[in-house]
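# Commentary on secondary and tertiary structure
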Amino acid sequence: MNSKKIVLIIVLILLALLIGFVIWKYNVLNDLSKKYDQSLKSSNIYYHSETNNSAIDYFRKDNIVKTILTNKSSNTQIIQWTNAETNENIVVYPASKTYSDNKSGLMFSTLPTSQFIGKDAPIFLTSLLPTVLISSKEYDNQQCYCISNGGKKEYISKKNGLMVYNESSSLDNAVRTYKFDIVTDEDVKKPDTTGYTYQQ
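Residues numbered from 1 in each chain as written. Predicted model: local features only at pLDDT ≥ 70, side-chain atom pairs only at ≥ 80, totals over all residues. Heavy atoms only, no water.

Our next topic: the nonpolar core. Counting residues in hydrophobic clusters, the biggest one holds 21 residues, and the most contacted among them are Leu29, Leu32, Leu111, Ile117, Ile147 and Tyr178. By residue number, the principal contributor to this core is helix α1 (residues 3-40), which donates four residues. Those residues in contact with Ile117, other than ones at most four positions away along the chain, are Leu29, Leu32, Ser33, Tyr36, Ile156 and Gly161. (Core = buried A, V, L, I, M, F, W, Y, C linked by side-chain atoms within 4.5 Å. Buried < 20%, exposed > 50% of the residue type's maximum accessible area, 1.4 Å probe, protein only. Helix = DSSP H or I, 4+ residues; strand = E, 2+ residues; numbered from the N terminus. Contact = heavy atoms within 4.5 Å.)

Taken as a whole, the largest pocket holds about 180 Å³ of empty space. Contributing to the lining of the largest pocket are Asn141, Gln142, Gln143, Ser157, Lys159, Asn160, Thr177, Tyr178, Lys179 and Phe180. When contributions to the lining of the largest pocket are tallied by element, the ones reaching two or more residues are β8 (142-149) and β11 (175-180). Broken down by element, the lining of the largest pocket gets its largest block of residues, four residues, from β11. Across the lining of the largest pocket, the residue classes tally to two nonpolar, six polar and two charged. (1 Å grid on protein atoms, 1.4 Å probe; cavity = no way out; pocket = protein on both sides within 12 Å on 5 of 7 lines; lining within 4 Å. Points joined across faces, edges and corners; volume = space filled by probe spheres on them. Nonpolar A, V, L, I, M, F, W, Y, C, P; charged D, E, K, R; others polar.)

A few words on the pairing of strand β3 (residues 64-71). Summarising the sheet, strand β2 (residues 54-61) and β3 pair through eight bridges and their orientation is antiparallel. Pairing of Phe59 across the sheet is with Lys66, part of β3. Between β2 and β3, which follow one another and run antiparallel, lie two residues, and Asp62 among them has a positive phi close to 55 degrees. Strand direction decides the pairing type here: β3 and strand β4 (residues 76-83), joined by eight bridges, are antiparallel. In the strand pairing of β4, Leu69 is matched with Ile78. (Pairing = 2+ DSSP bridges.)

Over its 38 residues, α1 runs 55 Å from end to end, which matches the ideal 56 Å to within 8%, given 1.5 Å per residue. All of the buried residues in α1 are Val22, Lys25, Val28, Leu29, Leu32, Ser33, Tyr36 and Ser39. (Expected span 1.5 Å × (residues − 1).)

Under the definition given, this model contains five salt bridges. With a closest N to O distance of 3.3 Å, Asp31 and Lys35 form a salt bridge. Here Asp31 and its partner Lys35 are both found in helix α1, four residues apart, which amounts to about one turn of the helix. On the basis of relative accessible area, Asp31 is assigned to the partly exposed category, the value being 34%. Judged by its relative accessible area of 27%, Lys35 falls in the partly exposed class. Here Glu88 makes a salt bridge to Lys190, at a shortest N to O gap of 2.8 Å. Of this pair, Glu88 sits in strand β5 (residues 88-93) while Lys190 sits in the loop between β11 and β12 (197-198), and the two are 102 residues apart along the sequence. Three or more residues joined by partner-sharing salt bridges are found here, namely Lys61, Asp62 and Asp185. (Salt bridge = Lys/Arg side-chain N within 4 Å of Asp/Glu carboxyl O.)

What follows concerns the packing of aromatic side chains. Evaluated as defined, the whole model comprises nine aromatic pairs. Between Tyr47 and Tyr178 the ring centres are 5.3 Å apart and the planes differ by 15 degrees, which places this aromatic pair in the stacked class. Of this pair, Tyr47 sits in strand β1 (residues 44-50) while Tyr178 sits in strand β11; the two residues are 131 residues apart in sequence, bridging distant segments of the chain. Each member of the pair, Tyr47 as well as Tyr178, is classed as buried. An angle of 35 degrees between the planes, with centres 4.9 Å apart, marks the rings of Tyr139 and Tyr155 as tilted. One end of the pair, Tyr139, is in strand β7 (residues 132-139); the other, Tyr155, is in strand β9 (residues 152-157), and 16 residues separate them in sequence. On the basis of relative accessibility, which here comes to 21%, the residue Tyr139 falls in the partly exposed class. The exposure class assigned to Tyr155 is buried, which follows from its relative accessible area of 8%. (Phe/Tyr/Trp six-rings, centres within 6.5 Å; stacked < 30°, edge-to-face > 60°.)

Right under this line is the structure:
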């Protein structure tokens, strides 16, 4: 066998490996994207996000969403409650005993999104990028795919396609946990504003 044939065989083997790697990346990203879209459709989900400075508790049951944002340093909270069916949307500030209508919309209208998956993510093009690397890792006792591209790195849950951790996040590298079908009517109960001052 001459040297040209050997080189050709090596090139073909490398090309086959590269194509196989691209297909594997695409399949992983596509599977995570489908799971993420399915998670978004859940009518009952609890989401907790925590950093050194703050915490977010997000409750959704049917058409009602209640979000509690806690500032750890000042030990204060902001509570947002929204009922999509009745079009009610209020924000409550317990520390100052005030509340207002929130006309700007939800603070957190959906679950955290990844730049690598979801309906707006260019999955096929992402799969082709040699800089995008995918590996299996555990983070915060959750089985994840670690997806990195340059200085950006995200840990996505293998189970539900939701982001567990984002090293490059501007949200102080929040660690996130999710639970399905545990939110009760009490969890999403409208905040009691008796004795509070309404602010326009």
